[in-house]
Amino acid sequence: MAPYSSPSSRGIARPLVSATLLTLCALTLSACGSEDKAASTDKEAAATTRVTDASGTKVDIPAAPERVVVLSEMDLDASLTLGVEPVGLTAGRGQKGAPRYLEEQAKDIPVVGAVTGPDIEKVVQAKPDVILAGQLADEQVLAQLRRIAPTVVTIDGTKDWKKALQLTGTTLGRSNEAEKFLADYESRAAALKKDLGPQAGVSVSVARYSAKGTAVMQQGVFISDVLKDLGFKRPGIQNDKGEGHSTPLSDENLQEIDGDWLFIGSLDAGTDAGLLDELAKKPAYRQLGAVREEHATVVDGTRWTSLGGAQAAVSVLDDIRKAMVK
């Protein structure tokens, strides 16, 4: 027979059992909470990646950013090349919006700044989860941008568009696409170099013309890197690194833009087109060897004589093939 338990003893036992159960539940919930917190932390870590940007700064960014703001022409070019449409862009050099050669692809992207810098309020309105800051070096502006979203400086002092494309690919989770593009570019450049035949290795001059006059493109800029890939020589001061993006020339020094071939561009297809007609009438211009040999070609300055980028590089190859390969 089971031992007798009085009502009073049973009443005492119940709270003890309940307390034990509560303790066990609390421990279980605590363990579950810890596991959930750890899983959440692991998930957050897996959802971000760390890149070292062109300034040497380590930046934690979303593994697959969806809302990207670009603050340079090269960033816009790279993003579109890699299949990512930005939610904000800064206007190209001498442009009110995207550079002319990217206008159609970028027609629906809001403008959030200019070459001189971003409009912080408009950047905020774009709600980016990553900002590609191009070659921006203003620490005060960078600090403002970093309070909005992870900010990656993509262009270093060399302004090498290939390095910038690779960094952009890493930032946007599109490294494979970047490497594939670069491999295709190298193949196209090699094919063009071969097809140039006797024109390979000749001297090629690149200049820009605007209301301010003529400017020549020296070393350390996009177009000079592309011409180097093709093995072309450069005449005169174009072999030297310039102090700025381009070097102004007076009419008396127009011989500095001479070469076996001359490619001259403008940023404004409307206004500058008339100016190029005026330049063509100047005696100093007409005396250039490239002009006399009918080796002078007018090109789109937003592709040739601006900051450049991946798509710009391919279009330069196409322009050279059209002009020089017979």
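Our subject is the structure that appears above.
A brief structural summary. (Residues numbered from 1 in each chain as written. Predicted model: local features only at pLDDT ≥ 70, side-chain atom pairs only at ≥ 80, totals over all residues. Heavy atoms only, no water.)

Quick look at the sheet that holds strand 5 (residues 111-114)
Quick reminder of the rule: Only when DSSP finds a minimum of two bridges between them are two strands counted as paired. Under the DSSP-based scheme used, a helix requires at least four consecutive residues in state H or I and a strand at least two consecutive residues in state E, with every element numbered from the N terminus. In this analysis, two residues are considered to be in contact whenever any of their non-hydrogen atoms come within 4.5 Å of each other. In this analysis an axis means a line fitted to C-alpha atoms, helices contributing only their contacting stretch, and an angle means the value between N-to-C directions, from 0 to 180 degrees.
Strand order in this open sheet of six strands is 6-5-4-3-7-8, and the pairing throughout is mixed. The open sheet has two edge strands, strand 6 (117-118) and strand 8 (151-152), and neither has a second partner. As paired elements, strand 3 (residues 68-70) and strand 4 (residues 88-90) share two bridges and run parallel to each other. Bridge pairing in strand 4 places Val 70 opposite Leu 89. Strand contacts of helix 2 (residues 73-81): strand 3, strand 4 and strand 7 (130-132), with the helix running at about 140 degrees to strand 3, the strand carrying the most contacts.

Some remarks on the layout of surface pockets
Let me state the cut-off plainly: A pocket here means an open set of points on a 1 Å grid, computed over the protein atoms alone, that has protein on both sides within 12 Å along at least five of seven lines. A cavity is instead a set of points where a 1.4 Å probe fits but cannot get out; residues with an atom within 4 Å of a point line either one. Grid points are joined across faces, edges and corners, and a volume is the space filled by probe spheres set on the points.
Volume-wise, the largest pocket comes out at about 420 Å³. Looking at the largest pocket, it is lined by 14 residues, and the ones nearest its centre are Arg 208, Ser 210, Ala 211, Lys 212 and Leu 267. When contributions to the lining of the largest pocket are tallied by element, the ones reaching two or more residues are strand 9 (204-210) and strand 10 (213-216). Looking at which element gives the most residues to the lining of the largest pocket, the answer is strand 10, with three residues.

Considerations on the packing of aromatic side chains
Let me state the cut-off plainly: Stacked, edge-to-face and tilted are the three classes for Phe, Tyr and Trp ring pairs, Trp counted by its six-membered ring, which pair at centre distances within 6.5 Å; planes under 30 degrees apart are stacked, over 60 edge-to-face, the rest tilted. Under the scheme applied here, a residue whose accessible area is under 20% of the maximum for its type counts as buried, over 50% as exposed, and between as partly exposed, the area being computed with a 1.4 Å probe on protein chains only.
Inspection of the entire model under this criterion finds three aromatic pairs. Each ring, one from Trp 161 and one from Tyr 185, has its centre 4.9 Å from the other, and the planes form 85 degrees; the classification is edge-to-face. Taken together, the residues span a long stretch of sequence, with Trp 161 in helix 5 (residues 161-171) and Tyr 185 in helix 6 (residues 175-195) at a distance of 24 residues. A relative accessible area of 0% means that Tyr 185 is categorised as buried. Arranged with centres 4.6 Å apart and planes meeting at 20 degrees, the rings of Phe 263 and Trp 304 form a pair that is stacked. With Phe 263 in strand 12 (residues 261-266) and Trp 304 in helix 11 (residues 301-304), this pair connects stretches of sequence that are 41 residues apart. For the pair Phe 263 and Trp 304, a shared accessibility class is recorded, and that class is buried.

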